[in-house]
Amino acid sequence: MELTGIHHVTAVSGNARANVDFYTQLLGLRLVKKTVNQDVISTYHLFFADGVATPGTDMTFFEWPDVPPHQIGAGDVTTTAFVVPDWPALEWWVQRFDELGVARGEIEEWTGRPTLPFTDPEGQRLELVVGERDGASPWSKSPIPVEMAVHGFAALHLAVPSIELSSTFLREVLGFRQTRTYESPDGSRRFAVFETGDGGLGTEVHLEEQRGRRRAQVGVGGVHHVAFRTPNEEEHRHWRERLAGAGVGVTPVIDRYYFKSVYFREPGGVL
C-alpha cells in the first residue's frame, strides 16, 4: 500500500462570499462545489480546485463566522503551498498581489525552490512554489492566464512538538520517506522533508519542530485538516485497518458522497 500524494486541505473562513471572491477571482481557482459541512449542516463547505477538480488541487473551506481567529502553535499546518510553472509566473504573481493589495513576503529560495509567501484576507498562510506538477487542468474561465495558473498543491508545512515522533509516524505508519533537510537563512528553523508515492511536488510534507509551544487552536484563517490520497476504496479500507492496528485513534470510513474519508491525528496533533 502507498499513499499517492495530497488529496485536499480543509481550512476555516468566517466569510463565504469574500472567500469565494479571493480564491476564484484573485487566485484563479474554480468553485467546483458549494455544499454544507455534513457534521454541522447549518454551515457552508466550499471547494476550490482546478478546472476538473483533480485530486490534489482542492482547497476547501468551512464557513464558521462565529469562531475566533486561528491561534498558531504546535500541532498546526503552518503553510499550504501551491505550484506555479516557472520563475516568470512567480514574478507575475508578485505584481498581481501588489496591484490588488495582497499581503505577501519576498521571493525566497532557502526551501530549495523559488517560493513566494502570502496570506489571504483572513490570514490563511499560503505559498506559491516554482516547479513541475503533472495532472492539473487549469480552469478555462479563470481570470488568470493559463501560463501563470496555479497547478495544485506543492507541499504542506507542519509545526509539531517533536519532530522525532512525527517523522517516525510518517515513515513507519504512513509509509513516507525522508528525502532532505534544510534550514532558514539565520539557522534558527530546521525542516525535514518527507515524500510519498512518486515523490516531488504534490506529495511533500515539511516538518518543523516547535518544542514547548502551546497547541494551536483552529479558527478563522487556519487549517482544520489535511488529507492524503489512496488509489482505490480497497486500499482505503486497508489503511483504516493499518492505523487501528498501530494503535492510532481512527474513525470508521465516512462516506462524504464524493469521496470517502477516515480521520486521525498524527502524534504532533495535526488532523
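Residues numbered from 1 in each chain as written. Predicted model: local features only at pLDDT ≥ 70, side-chain atom pairs only at ≥ 80, totals over all residues. Heavy atoms only, no water.

Novice: Quick question: what am I supposed to make of the sheet that holds strand β5 (residues 76–84) here?
Specialist: The strands that make up a sheet pair up through hydrogen bonds in the backbone, lying either parallel or antiparallel. Strand order in the open sheet made by the seven strands is β6-β7-β5-β8-β11-β10-β9, with mixed pairing throughout. Unpaired on one side and paired on the other, β6 (115–119) and β9 (177–183) mark the two borders of the sheet. Mean inter-strand twist for the sheet, computed between neighbouring axes without regard to direction, equals 25 degrees. Against the sheet, helix α2 (residues 87–100) contacts β5, β6 and β7 (125–130), and its axis sits at roughly 25 degrees relative to β6. Across the face of the sheet, helix α3 (residues 163–172) comes into contact with β8 (153–160), β9, β10 (190–195) and β11 (204–209) while running at roughly 160 degrees to β11. (Pairing = 2+ DSSP bridges. Helix = DSSP H or I, 4+ residues; strand = E, 2+ residues; numbered from the N terminus. Axes fitted to C-alpha atoms, helices over the stretch in contact; angles between N-to-C directions. Contact = heavy atoms within 4.5 Å.)

Novice: Looking at this model, I keep getting lost on the pattern of salt bridges. Mind explaining?
Specialist: All chains considered together, the criterion is met by eight salt bridges. Here E208 and R189 are joined by a salt bridge, their closest N and O atoms 3.0 Å apart. A residue pair is termed long-range when its members are at least 10 positions apart, and E208 in strand β11 and R189 in the loop between β9 and β10 qualify at 19 residues. Overall, R189 belongs to the partly exposed group, its relative accessible area being 35%. (Salt bridge = Lys/Arg side-chain N within 4 Å of Asp/Glu carboxyl O. Buried < 20%, exposed > 50% of the residue type's maximum accessible area, 1.4 Å probe, protein only.)

Novice: Looking at this structure, how should I read the environment of G175?
Specialist: Checked against the element boundaries, G175 lands in the loop between α3 and β9. With relative accessibility at 38%, the residue G175 sits in the partly exposed group. Sequence separation between G175 and G249 is 74 residues, and the spatial gap between their C-alpha atoms is 18 Å. The residues contacting G175, other than those within four sequence positions of it, are L170 and T196.

Novice: What am I meant to see in the sheet that holds strand β3 (residues 40–49) here?
Specialist: Across the sheet, which stays open at both edges, the five strands sit in the order β2-β3-β4-β1-β12 with mixed pairing between neighbours. Across the chains shown, the open sheet's two edge strands, defined by having one partner strand only, are β2 (30–37) and β12 (223–228). Recorded for the sheet is a direction-independent mean angle of 20 degrees between the axes of neighbouring strands. For β3 and strand β4 (residues 58–63), the ladder comprises four bridges, and the chain directions are antiparallel.

Novice: Looking at this model, I keep getting lost on the nonpolar core. Mind explaining?
Specialist: Note that soluble globular proteins tend to have their nonpolar side chains buried in a common cluster. Residues W93, L128, L174 and L243 are the most contacted members of the largest nonpolar core, which totals 53 residues. Looking at which element gives the most residues to this core, the answer is α2, with five residues. Excluding residues that lie within four positions of it along the chain, L243 makes contacts with F169, V173, L174, V248, V250, V262 and F264. Counting five residues, the second largest nonpolar core, distinct from the first, contains A81, V83, A154 and L201. (Core = buried A, V, L, I, M, F, W, Y, C linked by side-chain atoms within 4.5 Å.)

Novice: Help me understand the packing of aromatic side chains in this model?
Specialist: Aromatic ring pairs are described here by two measures, namely the spacing of the ring centres and the angle between the planes. Enumeration according to the criterion identifies 17 aromatic pairs in this entry. Between W93 and F97, the aromatic rings sit 5.5 Å apart at their centres with planes inclined by 50 degrees, giving tilted as the arrangement. Of this pair, W93 and F97 both sit in helix α2, four residues apart, which is roughly one turn of that helix. Residue W93 is classed as buried on the basis of its relative accessible area, which comes to 0%. Residues F176 and F228 carry aromatic rings whose centres are separated by 5.4 Å and whose planes lie at 75 degrees to one another, so their mutual orientation is edge-to-face. With F176 in the loop between α3 and β9 and F228 in strand β12, this residue pair connects regions lying 52 residues apart in the sequence. Taking the relative accessible area as the measure of exposure, F176 reaches 4% and is therefore buried. (Phe/Tyr/Trp six-rings, centres within 6.5 Å; stacked < 30°, edge-to-face > 60°.)

Novice: How should I be thinking about helix α4 (residues 233–245) in this particular structure?
Specialist: An ideal rise of 1.5 Å per residue puts 18 Å on 13 residues; α4 measures up with 18 Å between its terminal C-alpha atoms. Of the positions making up α4, those classed as buried are H236, W239 and L243. Taken around the axis of α4, the buried residues stretch over an arc of 55 degrees, which confines them to a single face. Residues E241 and G245 are exposed on α4 and point more than 90 degrees away from its buried face. (Expected span 1.5 Å × (residues − 1). Arc of directions from axis to C-beta.)

Novice: What should I look at first to understand the confidence of the model for the chain in this one?
Specialist: Interpreting fine coordinate detail is not advised for predicted regions of low pLDDT. For the chain, mean pLDDT is 94; residues scoring 70 or higher make up 100% of the total. By mean pLDDT, β3 is the weakest element of the chain at 88, and β7 is the strongest at 98. (pLDDT = per-residue confidence, 0-100.)

Novice: Quick question: what am I supposed to make of the side chain of S162 here?
Specialist: Looking at the secondary structure, you find S162 in the loop between β8 and α3. S162 sits in the buried class, given a relative accessible area of 14%. In this structure the side chain of S162 is engaged in a polar contact, spanning 3.2 Å, whose partner is the backbone nitrogen of L165. Beyond its immediate stretch of four places on either side in the chain, S162 contacts E209 and R211. (Polar contact = N/O pair within 3.5 Å; in protein donor to acceptor, adjacent residues only side chain to side chain.)

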